[in-house]
There are 2 protein chains.
Amino acid sequence: MANQLDSFFSALSDPTRRAVVERLVASGPQAVSDLHSAHDMALPTFLKHLKVLEAAGLVRSEKAGRVRTVHIEAAPMAEAEDWLSRQRRLWEGRLDRLDALVREMEKGSRQ
Amino acid sequence: MANQLDSFFSALSDPTRRAVVERLVASGPQAVSDLHSAHDMALPTFLKHLKVLEAAGLVRSEKAGRVRTVHIEAAPMAEAEDWLSRQRRLWEGRLDRLDALVREMEKGSRQ
DNA sequence: GCCATGATTAGCCGATTGGCTAACTTTTTT
DNA sequence: AAAAAAGTTAGCCAATCGGCTAATCATGGC
């Protein structure tokens, strides 16, 4: 995937993966099988989701013995949030200017 | 797509579609072919992207004569932004509690 | 009335996605 | 040493995605 935003948004477009992120944020680092236990799918399928999250940089993991522990990497989420809020601010700016224009026109037509 | 967030994030995971959103936010409503002119792909391909955006509720369009004009629908973007910022706040809250715990432990070990 | 313009529909194609099972490896536990 | 637990790898499958061309429809200008 070319852009960072591509893989971030794409990773978050799946409800299983958002649930994993939510759980890691809410309850801290978890083992793969603990995370898996909340989802009704085969483990290899679930592992693929984790790999997508890891490839997007949203999550990291370390293996100790036979247990792999996964934790959130919150920083990249800020990037997506920034994009969205930048668009929102631009959009609100447009509305303000439109507003001003309307007021200007009303003032003009008032005499 | 089941969830609203699914289709929002999925719609925004493509650079062409983000570019369309950016342009509509920055420059206001545009005709389909005006939007298309900025992208090096066949018109039917581009139309599919617009349909994805429209299905996600990020964009609306009206046809007048033979021209279809597309405009942004900013409200749904707030939903994705909210999800992200909620996660960030929860995450920061965890960090704060962790911080407090570390300070507590340091205080304990100090005598 | 005809032609150009703007958009749309239908259908093809290869790559990716999200699911599965089966088989295997590595580490603990007994 | 054997068995159980935790992951991992390989490979299959159907559905979706993002691209294309060709053909069609609808409207506007001449």
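Along every chain, residues carry numbers that run from 1 in the direction the sequence is written. Labels are handed out in written order, letters beginning with A for the chains and numbers beginning with 1 for the ligands. Reporting of local features is limited, given that this is a predicted model, to residues whose pLDDT is at least 70; pairs of side-chain atoms are given and counted only at 80 or more, and all residues count toward the totals for whole chains, interfaces and linings. Side-chain measures here rest on the full set of heavy atoms in the structure, leaving out hydrogens and waters.

## Side note on the protein's contact with DNA strand D
- Residues are counted as near a molecule or strand when any one of their heavy atoms sits within 4 Å of it. The environment of DNA strand D is made up of 21 residues, and the closest members are S33(A), R68(A), A42(B), K48(B) and H49(B).
- Each atom of DNA strand D within 4 Å of the protein belongs either to a base or to sugar and phosphate, the latter forming 62%.
- One of the side-chain N or O atoms of R68(A) is found 2.8 Å from a phosphate oxygen in DNA strand D.
- Measuring from a phosphate oxygen of DNA strand D, one finds a side-chain N or O atom of R17(B) at 3.2 Å.
- Gly is placed with the polar residues, together with every amino acid not listed as nonpolar (Ala, Val, Leu, Ile, Met, Phe, Trp, Tyr, Cys and Pro) or charged (Asp, Glu, Lys and Arg). The residue makeup of the surface near DNA strand D, split by class, is nine nonpolar, four polar and eight charged. Contacts described as polar in this section are N or O atom pairs within 3.5 Å, which, within protein, must combine one atom able to donate a hydrogen with one able to accept it, while residues neighboring in sequence count only if both atoms come from side chains.

## Some words on the environment of H71(B)
Residues and elements named next belong to chain B.
- The way it works is that DSSP assigns letters per residue, a run of H or I at least four long becomes a helix, a run of E at least two long becomes a strand, and they are numbered from the N terminus. Relative to the assigned elements, H71 resides in strand β3 (residues 67-72).
- Assessed through its relative accessible area of 22%, H71 is described here as partly exposed.
- Considering only alpha carbons, one finds H71 and V20, 51 residues apart in sequence, at a separation of 9.9 Å.
- In what follows, residue pairs with any heavy atoms lying within 4.5 Å of each other are defined as contacts. Not counting residues up to four positions away in its chain, the partners in contact with H71 are L24, P29, V59, R60, S61 and E62.
- Of the polar contacts made by the side chain of H71, one reaches the side chain of E62; its length is 3.3 Å. Only protein chains enter the calculation, and the probe is 1.4 Å; a residue is then buried if its accessible area is under 20% of its type maximum, exposed if over 50%, and partly exposed in between.

## A closer look at the pattern of salt bridges
- Throughout this description, the term salt bridge denotes a Lys or Arg side-chain nitrogen within 4 Å of a carboxyl oxygen of Asp or Glu. Tallied over the full model, the rule gives eight salt bridges over all chains.
- We note a salt bridge from R88(A) to E81(B), for which the minimum N-O separation is 2.8 Å. Of this pair, R88(A) sits in helix α5 (residues 75-109) while E81(B) is found in helix α5 (residues 75-109), placing the two residues in two different chains.
- Of the charged contacts, one joins E73(B) and R60(B) as a salt bridge, the two residues approaching to 3.2 Å between their closest N and O atoms. Of this pair, E73(B) sits in the loop between β3 and α5 while R60(B) sits in strand β2 (residues 59-64); the two residues are 13 residues apart in sequence, bridging distant segments of the chain.
- For R60(B), a relative accessible area of 48% corresponds to the partly exposed category.
- The network of salt bridges with shared partners includes E81(A), R88(B) and E92(B).

## Some words on the interface of chain A and chain B
- With 28 residues of chain A at the interface, the matching set in chain B holds 28 residues.
- Across the chain A to chain B interface the summed buried area is about 2,700 Å²; carbon plus sulfur atoms make up 65%.
- Here chain A is connected to chain B by four salt bridges.
- Put simply, chain A and chain B have six residue pairs in polar contact (both at pLDDT 80 or more) between them.
- With 11 residues, the top contributor of residues to the side of chain A that touches chain B is α5(A).
- Across the side of chain A that touches chain B, the residue classes break down as 15 nonpolar, seven polar and six charged. Computed with a 1.4 Å rolling probe, the buried area is the accessible surface lost when two parts are put together, summed over both parts.

## Some thoughts on the protein's contact with DNA strand C
- Near DNA strand C you find 20 residues, and of these K48(A), H49(A), S33(B), R66(B) and R68(B) are the closest.
- Take the atoms of DNA strand C that sit within 4 Å of the protein: sugar and phosphate atoms are 63% of them.
- R66(A) places a polar side-chain atom, nitrogen or oxygen, 3.4 Å from a base oxygen of DNA strand C.
- Contact between DNA strand C and V32(B): a phosphate oxygen at 3.5 Å from a main-chain N or O atom of the residue.
- Considered class by class, the residues forming the surface near DNA strand C number eight nonpolar, four polar and eight charged.

## Quick look at the sheet that holds β2(B)
Residue and element names in this part refer to chain B.
- Strand order in this open sheet of three strands is β1-β3-β2, and the pairing throughout is antiparallel. Taken across any chain shown, the strands that pair with only one partner, and hence form the sheet edges, are β1 (30-31) and β2.
- Of the pairings in the sheet, the one linking β2 to β3 comprises six bridges and is antiparallel in character. Across the sheet, residue S61 finds its bridge partner in β3, namely V70.
- With respect to the sheet, helix α2 (residues 15-27) is in contact with β1, β2 and β3, its orientation differing from that of β3 by roughly 85°. Two strands pair if DSSP finds at least two bridges between them. Every axis corresponds to a line fitted to the C-alpha atoms, with the helix fit spanning only the stretch in contact, and the corresponding angles, defined between N-to-C directions, vary from 0 to 180 degrees.

So, to be careful, I would describe these as geometric facts and stop short of saying anything about function.
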